[in-house]
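A closer look at the structure
Each chain, written out:
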Amino acid sequence: MTVAAGPRRRKNISAIEEEGARQDLSSPPPLRGRSPAEASAKAGGRGVSSKVAQVSTPLPNPTPAQVGLARLAHDKSKPGQARVSRGREQVEQAASPNIDSQALLAWYDRHARVLPWRARKGQRQEPYRVWLSEIMLQQTTVKTVGPYYAKFLAQWPTVTALAAAKLDDVLRAWAGLGYYARARNLHACAVAVVERHGGVFPDTLDGLRDLPGIGDYTASAVAAIAFDADAVPVDGNVERVVTRLFAIEEALPAAKPRIKELALSLLPPSRSGDFAQAMMDLGATICTPKKPACSLCPWNDVCLARERGDQETFPRKAPKREGKLRRGAAFVVLRADGHILLRTRPDKGLLAKMTEVPGSAWTHDFQLKDAEAAAPLDAAWRRLPGTVTHVFTHFPLELTVFAAEVPRATKAPEGARWVKLAEAHAEALPTVMRKVLAHALE
Ligand code: SF4
């Protein structure tokens with residue numbers, strides 16, 4: 001999960017579903033290819049003085065043992081102990097002798113971002129809000145999430161209210177945020193919190209991980225931010241900060257376990273939630289992918305990458321593998337009385353239960369000559385110039401769009417339905433379908 005000044009989030013997805021601007025479908029523009037007459041249709045506190053590692057050489061990567069055990073100094077009751085249990089998580093005391101987490105917290109106290117889901121200083125974060133925002137922020141920017149977060153909170157102010165909502169309503173409210181499996185898991189998780197935990201989020205990493213749609217990142221984020229548990233959520237921002245601090249040569253994603261281990265080694269003895277958010281903010285506003293503002297960074301005198309001068313080359317990344325292109329056809333049909341033909345996708349699979357216009361299967365070997373065989377009804381189909389392209393996580397898609405107008409009395413074929421064009425915006429249309437409609441209706 002990449003942002004603000006820089007991308008907020010996270011998990012360095014190799015390819016992402018592009019977020020298209022929402023198409024306003026409130027008024028029925030004409031289908032393309034028709035004449036107007038035809039149209040009915042990111043400093044402060046310093047870290048310590050010496051360089052991070054008393055590691056003999058910056059390359060290869062320092063081992064946890066090399067990085068030091070000075071963090072044990074934090075745990076005065078257990079000197080010399082190499083592994084301690086902190087909260088629910090065994091934290092490797094593979095510490096970083098010269099990286100002062102308090103310097104980061106002092107910086108955070110002065111420069112924390114103001115975010116809609118972030119509690120004011122001194123207030124406890126509400127687990128529901130933390131969880132909701134973290135799910136929404138996966139592969140999405142802070143700017144994009146803001147209005148969706150406000151809408152969800154207004155419509156479903158508690159996890160109990162969200163659990164009681166219809167999945168279709170949740171999907172509709174989510175439409176445009178992409179990665180729709182998150183919306184289904186969001187609802188399933190709310191139901192599980194109510195049914196298994198009486199509407200109260202569990203406060204342990206294990207309890208959180210057991211919930212639908214909550215992986216290690218989200219569990220760590222909710223545990224740290226809402227419950228101050230000893231956990232560090234590692235998103236793309238944190239990966240960037242840690243790999244630069246330690247000049248980690250190993251490429252992502254293989255380096256993830258090591259990054260997590262080193263991030264945990266930085267955890268202060270208290271204020272885990274603030275530390276987690278401070279790491280996120282540092283990555284989003286100072287330690288940006290391009291041109292990091294190192295002069296403003298609280299760790300600038302202990303950062304190995306800064307010493308080397310190759311900050312922007314971290315994190316190292318394995319070469320991308322592009323998915324194979326799939327093609328298909330989409331059919332936009334308008335009825336003379338301003339209705340559009342839509343259908344609901346199957347319960348399982350890509351974009352499950354979302355709304356779409358009728359179309360062919362999306363395949364590697366799609367042939368245009370076979371397109372009309374997938375048409376939903378007999379009509380004078382016109383192939384629209386150009387194609388609609390969209391990139392899903394695992395493959396790029398190219399759709400050829402066909403358009404037609406049919407008489408008012410035309411019945412919807414089985415599995416499809418007529419929807420007033422002016423009300424289509426309320427349907428759970430994924431971004432790719434909004435692109436198709438924009439292509440046909442512009
Ligand atoms: S690269 Fe610059 S901004 Fe990032 S951690 Fe190092 S000193 Fe700070």
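Residues numbered from 1 in each chain as written. Predicted model: local features only at pLDDT ≥ 70, side-chain atom pairs only at ≥ 80, totals over all residues.

As named in an unreviewed UniProt entry, the protein chain is Adenine DNA glycosylase, taken from Pseudolabrys taiwanensis. You can read under Function (unreviewed entry) in the UniProt record for the protein chain the words "Adenine glycosylase active on G-A mispairs. MutY also corrects error-prone DNA synthesis past GO lesions which are due to the oxidatively damaged form of guanine: 7,8-dihydro-8-oxoguanine (8-oxo-dGTP)." (UniProt positions renumbered as here; feature names shortened; annotations may be inferred.)

**Observations concerning the pairing of strand 7 (residues 388-391)**
Remember that side chains alternate between the two faces of the sheet whenever the strand is regular. Side chains Val-388 and His-390 project from strand 7 onto a buried face, and the interleaved Thr-389 and Val-391 project onto a face without burial. For strand 7 and strand 8 (residues 396-406), the ladder comprises four bridges, and the chain directions are antiparallel. Note on strand 8: the bridge partner recorded for Val-388 is Leu-399. Linking two consecutive strands that pair antiparallel, namely strand 7 and strand 8, is a turn of four residues. (Buried ≥ 20, exposed ≤ 12 C-beta atoms within 10 Å, placed from the backbone. Helix = DSSP H or I, 4+ residues; strand = E, 2+ residues; numbered from the N terminus. Pairing = 2+ DSSP bridges.)

**Overview of the site of the ligand**
Taken together, 14 residues lie around the ligand, and Cys-287, Cys-294, Cys-297, Cys-303 and Gln-311 are the ones closest in. Every element with two or more residues in the shell around the ligand is listed here: helix 10 (236-246) and helix 13 (304-308). The leading source of residues in the shell around the ligand is helix 10, at three residues. Split by residue class, the shell around the ligand holds 10 nonpolar, two polar and two charged. (Near = placed C-beta within 6 Å. Nonpolar A, V, L, I, M, F, W, Y, C, P; charged D, E, K, R; others polar.)

**Describing the environment of Thr-344**
Relative to the elements of secondary structure, Thr-344 occurs in strand 4 (residues 339-344). Since 17 C-beta atoms lie within 10 Å of it, Thr-344 is described here as partly exposed. In sequence terms Thr-344 and Arg-417 are 73 residues apart; their C-alpha atoms lie 9.0 Å from each other. Filtering out sequence-adjacent residues up to four positions away, Thr-344 remains in contact with Lys-353 and Thr-355. (Contact = placed C-beta atoms within 7 Å.)

**Observations concerning helix 12 (residues 272-285)**
Compared with the 20 Å implied by 1.5 Å per residue over 14 residues, the 20 Å span of helix 12 between its first and last C-alpha is a close match. For helix 12, the tally of buried residues reaches 14 of 14 residues, placing the bulk of the element in the interior. (Expected span 1.5 Å × (residues − 1).)

**Some thoughts on helix 9 (residues 216-227)**
Relative to the 16 Å expected for 12 residues at 1.5 Å per residue, helix 9 spans 15 Å between its end C-alpha atoms, a close match to the ideal helical length. Among the 12 residues that make up helix 9, 11 are buried, leaving the element largely enclosed by the rest of the structure. Three or more residues of helix 9 are buried, namely Tyr-217, Thr-218, Ala-219, Ser-220, Ala-221, Val-222, Ala-223, Ala-224, Ile-225, Ala-226 and Phe-227. Where the residues of helix 9 are buried, they touch helix 3 (127-137), helix 8 (205-209) and helix 12. Immediately beyond the C-terminal end of helix 9, within one or two residues, lies Asp-228, with a positive phi of roughly 55°.

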